[in-house]
Amino acid sequence: MRTQVVIVGSGPAGLLLGQLLGNAGIQSIIVERASRDYVLNRVRAGVLEEGTMALMRQSGAGGRMDAEGLLHNGFSLAFNGRSQRIDLAGLTGGKHVMVYGQTELTKDLMEKREADGLQSIFNAEAVELHDFDSDHPHVTYQKDGSGHRIDCDFIVGCDGGHGVSRASVPENAITTYERIYPFGWLGILADVPPASDELIYANHTRGFALCSMRSHTRSRYYVQCGLDEKAEAWTDDRFWDELRRRLPQEVADAVVTGPSFEKSIAPLRSFVAEPLRFGRLFLAGDSGHIVPPTGAKGLNLAASDVHYMFAGLSEHYLEKSSAGLDAYSTRALTRVWKAVRFSWSMTMLLHRFPEHGDFDRKIQEAELDYLSDSVAASTVMAENYVGLPL
Ligand code: RFL
Ligand code: PHB
């Protein structure tokens, strides 16, 4: 087989890139290790920046997002029993974010891809990337007991934090930067109305908690937990009790409980690989960088990489210029590092660290107080949360 661009991975980065390319008449094949159902059922992020919404619309798959997504003009930080609202719209000249689950976004992109007759290969085993340092890269994989090969012009690795693309790059060609946080987030989904119209991020002496949602009838809640904990050890009752203990009284009273239908633990990590280009192989999304979910940036960074990657590939094919591809790694990483910084600072501000003493707690309180008192400080937070310009 031959195509112009092989995209490894059918997560949001791969699907969005494939759709933009398809709309521009550039051929691509997505090679995905997991099954279609597995990809469709993964529960992850929930907050879209304006740039991500714009890319969804540009892809032609934004219709349901615009109809069903919830626009949010603010969120709250809760600490010491009180809440401080961050007025996103007021502080950023009218910008907002949208609550729309990654699961829904993936479904919309997958259905659009199928409707447009664009090719995806699911259940591809032993995916390998070859000769991307030459002019003739190709990708091989096994499926249904036989070997397959796709020749292409470029490979874009959209295969997440544990994919094959970054792992195929020789170690001496890549520099990595990492911070592992000594805790995780235990998250649940339940078909109960959210405790509040907006998201609430809570700093509590027992640990962080987050009240989020997917719709007016579906809530997403998280509590900070130890890395050695098991989701199965958390009954629903234990989860609801712990969540309510970490929230201001009036919010705790507004939490509607019910049976959860998803419960999982995600470890928190910051990670960046540099550069994001190796000859004819490019990395986009989680394959190149991971952020802790505290800033709601992971999915949005995948989308901003795709924006730069699509610009580079369309310039290459439609304008015969390599400028955009040459600039890709630097353009993407410049934005990535700012989101890495923001996600790290939100994580430091809101969590309990095992090594923290009274001094560190006082510093967190002082920063949260400063955010309440200072328009300048809350503007910095709002500007980062809604997403820095592309
Ligand atoms: P994805 O979504 O991980 O998709 C990668 C795809 O590549 C496939 N793959 C392979 N395919 C072929 N060959 C291989 N060898 C392959 N190895 C892997 C995978 O099956 C998958 O389909 O990456 P992408 O597209 O870059 O999108 C990034 C976002 O998914 C990610 O940044 C966010 O979901 C991060 N994230 C969260 N972000 C938030 O903003 N808020 C959250 O609440 C939030 N929760 C999460 C998360 C990420 C998690 N991970 C990575 C485990 C919770 C979890 C559990
Ligand atoms: C979510 O709804 O899953 C969510 C929202 C905001 C975050 C992280 C996760 O910062």
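Residues numbered from 1 in each chain as written. Chains lettered and ligands numbered in written order. Predicted model: local features only at pLDDT ≥ 70, side-chain atom pairs only at ≥ 80, totals over all residues. Heavy atoms only, no water.

### Side note on the overall build of the chain
The line we're drawing: Each helix is a run of H or I in the DSSP string that is no shorter than four residues. Each strand is a run of E no shorter than two, and both are numbered from the N terminus. Accessible area is worked out with a 1.4 Å probe on protein chains only. A residue is then buried under 20% of its type maximum, exposed over 50%, and partly exposed in between. Contact criterion: two residues are considered in contact whenever any of their non-hydrogen atoms come within 4.5 Å of each other. Neither His nor the chain ends is counted toward charge; the positive residues are Lys and Arg and the negative residues Asp and Glu. Charge placement uses NZ in Lys and CZ in Arg. For Asp and Glu, CG and CD serve respectively.
Scanning the chain for helices and strands turns up 12 helices and 20 strands. Across its three principal directions, the C-alpha atoms of the chain cover 60 × 40 × 40 Å. Relative to its 390 residues, the chain shows a buried fraction of 56%. Taking contacts inside the chain between residues at least 6 apart in sequence as the whole, the part at least 24 apart equals 72%. One finds the centroid of the 39 positive side-chain charges in the chain at a distance of 0 Å from the centroid of its 50 negative side-chain charges.

### A closer look at helix α1 (residues 12–23)
The criterion, for reference: The length a helix should cover is 1.5 Å for every residue beyond the first.
In this model, α1 (12 residues) spans 16 Å end to end at C-alpha, consistent with the 16 Å of a helix rising 1.5 Å per residue. Residues Pro12, Ala13, Gly14, Leu15, Leu16, Leu17, Gly18, Gln19, Leu20 and Leu21 constitute the buried set of α1. For α1, the secondary structure elements touched by its buried residues are β1 (5–8), β2 (28–31), α3 (50–59), α6 (102–115), β12 (154–157) and α9 (298–319). Following α1 by one or two positions, Gly25 adopts a phi angle in the positive range, close to 80°.

### Structural notes on the site of ligand 1
Keep this limit in mind: Note on terminology: near, applied to a residue and a molecule or strand, indicates that one of the residue's heavy atoms is within 4 Å of it. We define a polar contact as two N or O atoms separated by no more than 3.5 Å, with the added condition that, inside protein, one atom must be a possible hydrogen donor and the other a possible acceptor, whereas residues neighbouring each other in sequence contribute only through side-chain atom pairs. Only the protein chains shown count as cover for residues, and all accessible areas are computed by the Shrake-Rupley method using a 1.4 Å probe. Any residue that is not Ala, Val, Leu, Ile, Met, Phe, Trp, Tyr, Cys, Pro, Asp, Glu, Lys or Arg is counted as polar, Gly included; the first ten are nonpolar and the last four charged.
Neighbouring ligand 1 are 30 residues, the closest being Glu32, Arg42, Arg44, Gln102 and Asp286. In the model, an oxygen atom of ligand 1 is placed 3.3 Å from a nitrogen or oxygen of the Pro12 main chain. Between ligand 1 and Arg42 there is a distance of 2.8 Å, counted from an oxygen atom to a side-chain nitrogen or oxygen. Protein contacts shield 85% of the accessible area of ligand 1, which totals 1000 Å² for the unbound molecule. Contributing elements (two or more residues each) for the shell around ligand 1: α1 and α9. Here the shell around ligand 1 is composed, by residue class, of 15 nonpolar, eight polar and seven charged.

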